[in-house]
Amino acid sequence: MSKELISHPVSNFVKVQGAKENNLKNVDLEIPRDALVVFTGVSGSGKSSLAFGTLYAEAQRRYLESVSPYARRLFNQMSIPQVDSIDGLPPAIALQQQRGGTSTRSSVGSVTTISNLIRMLYSRAGEYPAGQSIVYAESFSPNTPEGACPECHGLGVVYEVTEHSMVPDDSLSIREKAIAAWPTAWQGQNLREILMTLGYNVDIPWRDLPKKDRDWILFTEEQPVVPVYSGLNMAQVQQALARKMEPSYMGTFTGVKRYVMQTFANSPSQAMKKRVAKFMLSAQCPVCHGKRLRPEPLSVKFAGMDIAEFYQLNIKSLRDIVSSSLKSKSNDPDQEHPEKTLVLQRIGHDLLSRLDVLIDLGLGYLTLERSTPTLSPGELQRLRLGTQIHSNLFGVVYVLDEPSAGLHPADTQSLLRALDRLKAAGNSLFVVEHEIEIIRHADWVVDVGPGAGEKGGEILYSGPLQGLEKIHKSVTRRYLFNVDQSQKLAREAKGWLQLRDVSRNNLKHVDADFPLGVLTSVTGVSGSGKSSLISQALVELVLEKLGQQISGTDDQEDNLLQTESPKTTTGYISEGISHIRRLIPVDQKPIGRTPRSNLATYTGLFDHVRKLFANTKMAKSRKYDAGRFSFNVAKGRCPNCEGEGFVMVELLFLPSVYTPCPACHGSRYNEKTLEITYHDKNIAQVLGMTVDEAFDFFDSEPQINRALDVVRQVGLGYLRLGQPATELSGGEAQRIKLATELQRAQHGNTLYILDEPTTGLHPSDVDNLLIQLNKLVDQGNTVIVIEHDMHVVANSDWVIDVGPGAGDEGGEIVVCGSAATVAAEPVSQTGKYLASHFNEKTPLKDSG
């Protein structure tokens, strides 16, 4: 293939001239169409700036110029790329990494549009009870008024409050805040004083109040407006009322249940919603029994199941049922309703072809009802990829962002087959990727670098794979043509953490032993049960024993009211918990939800930097404290944008545009604050530095320098100190959390759990990450990683392989032991790829 590409006429190439997006250094590039082109290079080298920020952004811009301004509003528009010209660029479709959708109402079925087909199948080819009139397709969705159960509004659960949930300690009086569900601070005081005016005793234990009084306070819908006398006791309030004294103000009473429900439904504050959610109890809806639909759609059956039961099957089982239904109907057509046989044939074959694509992509273990927030970015991207393969488009460019993320090597083979199908259909594939197998499979490789950030942004090589071997500046070349065979000696376990009889998702009564004081990799194909065992079961059981709260929980509304019943872990820890003092799960959740949160604030670096500025001569003379240098504090920040750095401009018929604040020019600070400098740099300029630049700049400040060095060592030297949390990938957020942990004084006996920490990492950054993880182990801690990267697995002290397959075919521990033991196990899918990793020897002809 590569030889053919070289002889292609120039018209078959995309020609880029003068690309300057982000760190790209005015690059020129020619890449073939109708080929699999992989963009590679170290993290932060400029790969994504080229593939997404330049090529895809320009393709999107050209397309959007052809649609009406009104329609453009519906697109998430990228900014216009900084590039002189691009010729020969076809229309493009981007499949980027993203966390699951924010709504729990979005599911595997809706993302793939398979839900629409199944609803049509039930509506037109379902088995109706006698006398039942036709139920239209939209009524089979819990997200429509026609389909949603009226009792639970399509959630499947109902939420209620009880006396005990609102008043957990009935020995307290109302004045002592017995009513925990009421607001704190002034508003709660106001409601207590209103009760005194209404004649209720707020000084006796709650349980001693008459039941009718308790019920009225908790459940009344009345909202009486009464005089309030602040600061008086019960007797004084009664006297004031008798004398008709002037009140402090008139207050409106709200019952406790009404307050909780209204706050949850209407408050704009997530913190307030989260607070009141604690007083609400959920139960399965008594009308639909958790099936979320009205009785009419639930009465229709297909293959003996209602649609809610059908949705609980995994994709593989669905395929088998649809296939056997098609066979039986073709052998025995419905004489009474021949149209049903026809509909089944049409919809059934379409459904089968869609399900087959997803099974080919290694997603057969997913159920259609699985909500998108619970999917990994890799699973979500492959679902969207499956939809594209089925669409049979021709002549477009698919731009993919690390499609191998979260994939076991066995699933990577399925992915490559899917990419080949798209290419064979006459499309071009531009793929940003670190996975060696995908780079080797490419027709054309574009290597960007040589380093990250300012040290990157150049095209080191563009051509067929073999030519990269001669490019000595390329870091990628070392991993493609010279696999390091050295294997470190495995450490001995200092003890064992033993889990017994664990059941969770597809794990059924599993026993698992984890060595302490070593680095353990947990492997297995996607969907085998790794996350269920580690991120869920192990974390929950250890936290329960330690009495620790899990930190960093998501407070989005959809997670406060889960539409799916929370899955619980059964099982216990039989031994080894005495060796663990604390548990730190280092996950890929964002480090903040707003642009005000960034690397510097999260790691605590910013506190030290602000103190340095406050200690300068000029700051002291003006009596500026460290708070002056925070863009979240009124005294230091720009009053025009309130420290955001940009302002929003509303455009009629077009998406709102964010533009740098005209007052502070994006610096976030007011003029007086920016007059203070440290080594000739103001606070905004320091926040604009990359970690690498700041490391050199603060070389005389050991505390700051040490913290920055740790961030560099986890492969994030290219990030800016003030880079908003909203711009960081899941892998970057995870490594910032790891760097924050590495900075802390280590006391040993901590259990660190990381879920796929190599996601988005170039092999050279994987090496750096391994050094950091080993450092944690050498300091007396235990590190457990869920991992697909065979280099990490090969360099672990212990490996636990879960499987052997995915979903119902997984959930067992296949083999555990040293990497060599797992490599020798014939039943293990991981073992096969681990063995080939050990055996691979492709030495460089010229060491350079």
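Our structure's up above, just so we're on the same page.
In this text the structure is predicted, and so the values were computed from the model without any measurement. (Residues numbered from 1 in each chain as written. Predicted model: local features only at pLDDT ≥ 70, side-chain atom pairs only at ≥ 80, totals over all residues. Heavy atoms only, no water.)

**Q** Looking at this structure, how should I read the overall build of the chain?
**A** Counting its regular elements, the chain contains 33 helices and 24 strands. At 31 Å, the chain has a C-alpha radius of gyration in line with the 29 Å of a compact globule built from 848 residues. In terms of overall dimensions, the chain has a C-alpha envelope of 100 × 95 × 65 Å along the principal axes. When each of the 848 residues of the chain is scored for burial, the buried share is 52%. For the chain, the proportion of contacts with a sequence separation of at least 24, taken over those separated by at least 6, is 70%. Only carbon and sulfur atoms are counted for the fraction: they give 51% of the accessible area of the chain, which is about 38,000 Å². (Helix = DSSP H or I, 4+ residues; strand = E, 2+ residues; numbered from the N terminus. Rg over C-alpha atoms; globule rule 2.2 N^0.38 Å. Buried < 20%, exposed > 50% of the residue type's maximum accessible area, 1.4 Å probe, protein only. Contact = heavy atoms within 4.5 Å. Areas by Shrake-Rupley, 256 points an atom, 1.4 Å probe, with all protein chains shown as cover.)

**Q** How should the pattern of salt bridges be read in this particular structure?
**A** For side chains bearing opposite charge, pairing can occur when the charged atoms are close. For the structure shown, the criterion picks out 34 salt bridges. The salt bridge partner of Asp356 is Arg319, with a shortest N-O separation of 2.4 Å. Within this pair, whereas Asp356 is found in helix H15 (residues 338–360), its partner Arg319 is found in helix H14 (residues 315–331), the two being separated by 37 residues in sequence. Residue Arg319 is classed as partly exposed on the basis of its relative accessible area of 22%. For the salt bridge of Arg582 with Glu741, the shortest nitrogen-to-oxygen distance reads 3.4 Å. Note that Arg582 is positioned in strand E18 (residues 582–586) and Glu741 in helix H29 (residues 730–743), a separation of 159 residues in sequence. Since its relative accessible area comes to 6%, Glu741 is described here as buried. Salt bridges sharing partners connect three or more residues here, namely Glu58, Arg61, Arg62 and Glu65. (Salt bridge = Lys/Arg side-chain N within 4 Å of Asp/Glu carboxyl O.)

**Q** Help me understand the side chain of Thr520 in this model?
**A** Here Thr520 lies in strand E16 (residues 519–523). Since its relative accessible area comes to 0%, Thr520 is described here as buried. Every residue in contact with Thr520, bar those within four places of it in the chain, is listed here: Pro515, Val783, Ile784, Val785, Trp798 and Ile800.

**Q** I tried to follow the packing of H14 against H15 on my own but got confused; where do I start?
**A** Packed helix pairs are specified by the crossing angle of their axes together with the interaxial distance, meaning the distance between the axes. Relative orientation of the contacting elements H14 and H15 amounts to 150°, with a least axis distance of 9 Å. Considered as vectors, H14 and H15 are oriented roughly antiparallel to each other. Here H14 runs over H15; the crossing is left-handed. For the pair H14 and H15, the contacting residues are Ile315, Lys316, Leu318, Arg319, Val322, Ser323, Ser325, Leu326, Lys329 and Ser330 in the first and Thr341, Leu344, Gln345, Gly348, His349, Leu351, Leu352, Leu355, Asp356, Leu358 and Ile359 in the second. (Axes fitted to C-alpha atoms, helices over the stretch in contact; angles between N-to-C directions. Parallel < 35°, antiparallel > 145°, perpendicular 65-115°, else oblique. Left-handed = near helix turned anticlockwise from the far one by under 90°.)

**Q** Any chance you could explain the sheet that holds strand E13 (residues 458–463) here in plain terms?
**A** Hydrogen bonding along the main chain pairs the strands of a sheet, whether they run parallel or antiparallel. The strand order across the open sheet formed by 6 strands is E5-E10-E11-E3-E12-E13, and the pairing between neighbours is mixed. If you trace the sheet from one side to the other, it starts and ends with strand E5 (92–95) and E13, each paired once. Taken over all neighbouring pairs, the strand axes of this sheet differ in orientation by 15° on average, direction set aside. Set on the sheet, helix H2 (residues 47–64) makes contact with strand E3 (36–40), E5, strand E10 (397–401), strand E11 (428–432), strand E12 (444–449) and E13; between it and E5 the angle comes to about 140°. (Pairing = 2+ DSSP bridges.)

**Q** Whenever I open this one, a nonpolar patch on the surface confuses me. Can you help?
**A** On the surface, Tyr63, Leu74 and Phe75 cluster together into a nonpolar patch covering about 340 Å² of accessible area. You can see Leu74 is positioned in the loop between helix H3 (69–72) and strand E4 (85–87). (Patch = residues over 30% accessible without salt bridge, like charges linked within 9 Å, V, L, I, M, F, W, Y side chains within 5 Å.)

**Q** Which parts of the structure should I look at to understand the sheet that holds E18?
**A** Strand order in the open sheet formed by 6 strands is E18-E21-E22-E16-E23-E24, and the pairing between neighbours is mixed. Pairing within the sheet leaves two strands with one partner each, and these edge strands are E18 and strand E24 (812–817). Strand-to-strand twist in this sheet, taken as the mean axis angle between neighbours without regard to direction, amounts to 15°. Bridging between strand E21 (residues 750–755) and strand E22 (residues 782–786) involves 5 bridges; their strand directions are parallel. The residue of E22 that forms the bridge with Asp755 is Ile786. Those strands touched by H29 are E18 and E21, and its axis lies near 150° from that of E18.

**Q** Sorry if this is basic, but what is going on with the nonpolar core here?
**A** One broad rule of soluble globular proteins: the nonpolar side chains tend to lie buried together. If you look at the biggest cluster of nonpolar residues, it comprises 125 residues, and the most contacted ones within it are Phe698 and Leu721. Leave out the neighbours within four places in its chain, and Leu721 touches Asn598, Leu599, Ala600, Leu605, Val686, Leu687, Met689, Val691, Ala694 and Leu708. Counting 37 residues, the second-largest nonpolar core is a separate cluster that includes Met196, Trp206, Phe253 and Val260. (Core = buried A, V, L, I, M, F, W, Y, C linked by side-chain atoms within 4.5 Å.)

**Q** Help me understand the packing of aromatic side chains in this model?
**A** Two measures describe an aromatic ring pair: the distance that separates the ring centres and the angle between the ring planes. Evaluated as defined, the whole model comprises 19 aromatic pairs. Between Phe302 and Phe310, the aromatic rings sit 5.9 Å apart at their centres with planes inclined by 85°, giving edge-to-face as the arrangement. The exposure class of Phe310 is buried, given its relative accessible area of 0%. Among the aromatic residues, those joined into a cluster by ring pairs are Phe613, Tyr624, Phe629, Tyr678, Phe697 and Phe698. The ring of Phe264 is capped by Lys273, whose NZ or CZ atom sits 5.5 Å from the centre of that ring. Lying over the aromatic face of Phe606, Arg610 brings its terminal NZ or CZ to 5.4 Å of the ring centre. (Phe/Tyr/Trp six-rings, centres within 6.5 Å; stacked < 30°, edge-to-face > 60°. Lys NZ or Arg CZ within 6 Å of the ring centre and 35° of its normal.)

**Q** Explain a negative patch on the surface to me, please; I cannot follow it from the model alone.
**A** Together, Glu454, Glu693, Asp696 and Asp699 make up a region of like negative charge exposed at the surface. Note that Asp699 resides in the loop between helix H27 (691–697) and helix H28 (702–713). (Lys, Arg positive; Asp, Glu negative; His and termini not counted. Charge placed at Lys NZ, Arg CZ, Asp CG, Glu CD.)

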